[in-house]
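Chain by chain, the residues:
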Amino acid sequence: MTRMDALDPIAELKATAARPFSQAMAMPPAIYTSEAVCAAEKDRIFARDWICVGRASRLAKPGDYLTYDLAGQPVIVLRDKAGEIRAMSNVCLHRMSTLLTGTGRRKVITCPYHAWMYDLDGSLIDASFMDRNECFHREGMKLPAIRCEVWLGWIFVTLSPEAEPVAARLAKLAEEIAPFGMADYVEFFREEHVWDTNWKVLAENFMESYHLPACHAATIGGVSNIADFDLPEGEPAYNIHFISKDPKFRLACAHPSNTTLTGEWRTRNAIFSVYPSLMITVTPGYFWYLSMQPVTAGQVHIIFGGGFSPDFAADPEAESLIAEVKALLDAVNVEDRGCTERVFRGVSSRLAAAGPMSHLERPLYDFARYLAERL
Ligand code: FES
Ligand SMILES: [Fe+2]
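Identification of the protein as Rieske 2Fe-2S domain-containing protein from Amaricoccus solimangrovi is taken from an unreviewed UniProt entry. The UniProt entry for the protein carries the following comment under Cofactor (unreviewed entry): "Fe cation".

Here it is, written out as structure tokens:
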């Protein structure tokens, strides 16, 4: 029997989460490595909470779609003929093949197996050689709808009929970041990756800027003053912290043409996590995000995207600025991948033990409390 089987990691997590912040400790190693915990997370968190599948602007025209695996449920998210974003099951009503893959644009959805055809609202519109089956009634056959809401340009889906609406859940966050006007930010890249680490290691990495000077010494480490960090207490549905950027790093500061941001807001960057797994950095210039789901305890699926504020998107040099930001984010990601995959190897080791955390890691303390409550 290994150490991980011998202990109950969720009970250990609850004990960690019950500590006062002045005695905050990292989460126990087994919470990252146990497949039983991962299964519980898929069931109690990812099948019940709101999960982000990307930006609505990516689905610009009717028929534009993307596909996503939500806690094992294949999902189609598309813009319908009326211009609304909607989500539905990506499973055929005949012999249950999945329908669409990847992303693209369709006028109708045709099953690749026997060519049953669906409208963009999910209604079955055609099925050949079915007229002799008395049980078949095309009218009324429709792909099951999946709850889908758009908040500040972010598309969220959930399998839960009970989850509180996104706008209500994140009302306070919307106020905190209102000056950025994030709904109008323009995405210019969206990629999918799988990294060899636990999803919570990556989430925690995103939530704290304590690692910037060391982990990101070669890229962004020098342009943020971590002593200046403003670390408010977390809320039930999210945590956020703000850092100010050196004005020399012009892409993270307000564009000269920007007239809406004033004072500190011109150099202020917000780093926030919408639980469970949407991590966003928004600056006056660019934004980027990760939306994650566990594959296994040791692998995380990531949607990695980003783009510009409208001021930078309208800059005559936008093309070259985009290339500059993308190159920077890729370099930062290589550093984060190294740090988080090293942590996963560490937490998987026999001698791993959770250590005490800095006050700069406040969001991790709040995240552990969220997890303890959900699990
Ligand atoms: S499974 Fe889709 S048409 Fe047969
Ligand atoms: Fe990082």
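Student: I tried to follow the domain arrangement of the protein on my own but got confused; where do I start?
Tutor: One frequent convention defines the size of an interface as the accessible area lost when the parts assemble. Entries for the protein in the domain assignment read domain 1 (3-49 + 167-374) and domain 2 (51-162). Each partner contributes to the interface: domain 1 provides 28 residues, whereas domain 2 provides 23 residues. Summed over both sides, the interface between domain 1 and domain 2 buries roughly 2,000 Å², with carbon and sulfur atoms accounting for 60% of that surface. Contact with domain 2 buries surface across domain 1, with Glu187, Arg190 and Gln293 losing the most and accounting together for 24% of the total. Counting across the domain 1 and domain 2 interface gives one salt bridge. Between Glu187 and Arg58 there is a salt bridge, and its shortest N-O distance comes to 2.7 Å.

Student: Is there a simple way to think about the layout of surface pockets in this case?
Tutor: Volume-wise, the largest pocket comes out at about 500 Å³. Elements with a contribution of two residues or more to the lining of the largest pocket: helix H7 (199-207) and helix H10 (318-347). Residues belonging to the lining of the largest pocket are distributed by class as follows: 16 nonpolar, five polar and four charged. The volume enclosed by the second largest pocket comes to roughly 390 Å³. As for the second largest pocket, its lining consists of 19 residues, of which Glu235, Pro236, Ala237, Tyr370 and Glu373 are closest to the centre.

Student: Explanation requested: the coordination of the iron ion (ligand 2) in the structure shown.
Tutor: Metal coordination angles in their ideal form are 109.5 degrees for the four-donor tetrahedron and 90 or 180 degrees for the six-donor octahedron. Coordination of the iron ion (ligand 2) by the protein comes from His211 (NE2), His216 (NE2), Asp336 (OD) and Asp336 (OD), over a distance range of 2.0 to 2.7 Å. Here the donor residues for the iron ion (ligand 2) map to a single chain with the spacing H-x4-H-x119-D.

Student: Just checking my understanding: could you explain the pattern of salt bridges for this structure?
Tutor: Opposite charge on two side chains lets them pair, provided their charged atoms get close. Under the criterion given, the structure shown has 19 salt bridges. With its nearest N and O atoms 2.8 Å apart, the salt bridge here joins Glu41 to Lys200. On the criterion of sequence distance, the pair formed by Glu41 in helix H4 (residues 35-46) and Lys200 in helix H7 is long-range, its members being 159 residues apart. Lys200 shares its class with Glu41; the two are buried. Note that Arg105 is salt-bridged to Asp64, the shortest N-O span being 2.5 Å. Taken together, the residues span a long stretch of sequence, with Arg105 in strand S5 (residues 103-105) and Asp64 in strand S2 (residues 64-70) at a distance of 41 residues. Among the ionic contacts, a cluster of salt bridges with common partners joins Asp49, Arg169, Glu373 and Arg374.

Student: What's the story with unusual backbone geometry in this structure? I'm lost.
Tutor: Keep in mind that most residues, glycine aside, have a negative phi and that most peptide bonds are trans. Pro276 follows Tyr275 through a cis peptide bond whose omega is 5 degrees. Here Pro276 shows up in the loop between strand S13 (268-274) and strand S14 (278-282). Not every positive phi belongs to a glycine, and Ala115 is a case in point at roughly 70 degrees. Within the secondary structure, Ala115 sits in the loop between strand S6 (109-110) and strand S7 (117-118). For Ala115, a relative accessible area of 40% gives the class partly exposed. In this structure, Leu152 takes a positive phi of about 50 degrees despite not being glycine.

Student: Just checking my understanding: could you explain the nonpolar core for this structure?
Tutor: Generally speaking, a soluble globular protein has its nonpolar side chains buried in company with each other. Counting residues in hydrophobic clusters, the biggest one holds 96 residues, and the most contacted among them are Val77, Trp154, Phe156 and Phe272. When residues of this core are assigned to their parent elements, the largest contribution, seven residues, is made by helix H11 (residues 362-374). Taken domain by domain, the makeup of this core includes at least three residues from each of domain 1 (3-49 + 167-374) and domain 2 (51-162). Setting aside chain neighbours within four positions, we find Phe272 in contact with Leu173, Ile177, Met182, Phe206, Asn239, Ile240, Leu278, Met279, Ile280 and Val282. In terms of nonpolar packing, the next biggest core, distinct from the first, is built from 17 residues, Tyr65, Cys92, Cys111 and Leu143 among them.

About the thresholds
Residues numbered from 1 in each chain as written. Chains lettered and ligands numbered in written order. Predicted model: local features only at pLDDT ≥ 70, side-chain atom pairs only at ≥ 80, totals over all residues. Heavy atoms only, no water. UniProt positions renumbered as here; feature names shortened; annotations may be inferred. Domains from an automatic or database assignment. Contact = heavy atoms within 4.5 Å. Buried area = accessible area lost by both parts, 1.4 Å probe. Salt bridge = Lys/Arg side-chain N within 4 Å of Asp/Glu carboxyl O. 1 Å grid on protein atoms, 1.4 Å probe; cavity = no way out; pocket = protein on both sides within 12 Å on 5 of 7 lines; lining within 4 Å. Points joined across faces, edges and corners; volume = space filled by probe spheres on them. Helix = DSSP H or I, 4+ residues; strand = E, 2+ residues; numbered from the N terminus. Nonpolar A, V, L, I, M, F, W, Y, C, P; charged D, E, K, R; others polar. Donors = N, O, S within 2.8 Å, 3.2 Å for Na, K, Ca; no water. Buried < 20%, exposed > 50% of the residue type's maximum accessible area, 1.4 Å probe, protein only. Core = buried A, V, L, I, M, F, W, Y, C linked by side-chain atoms within 4.5 Å.

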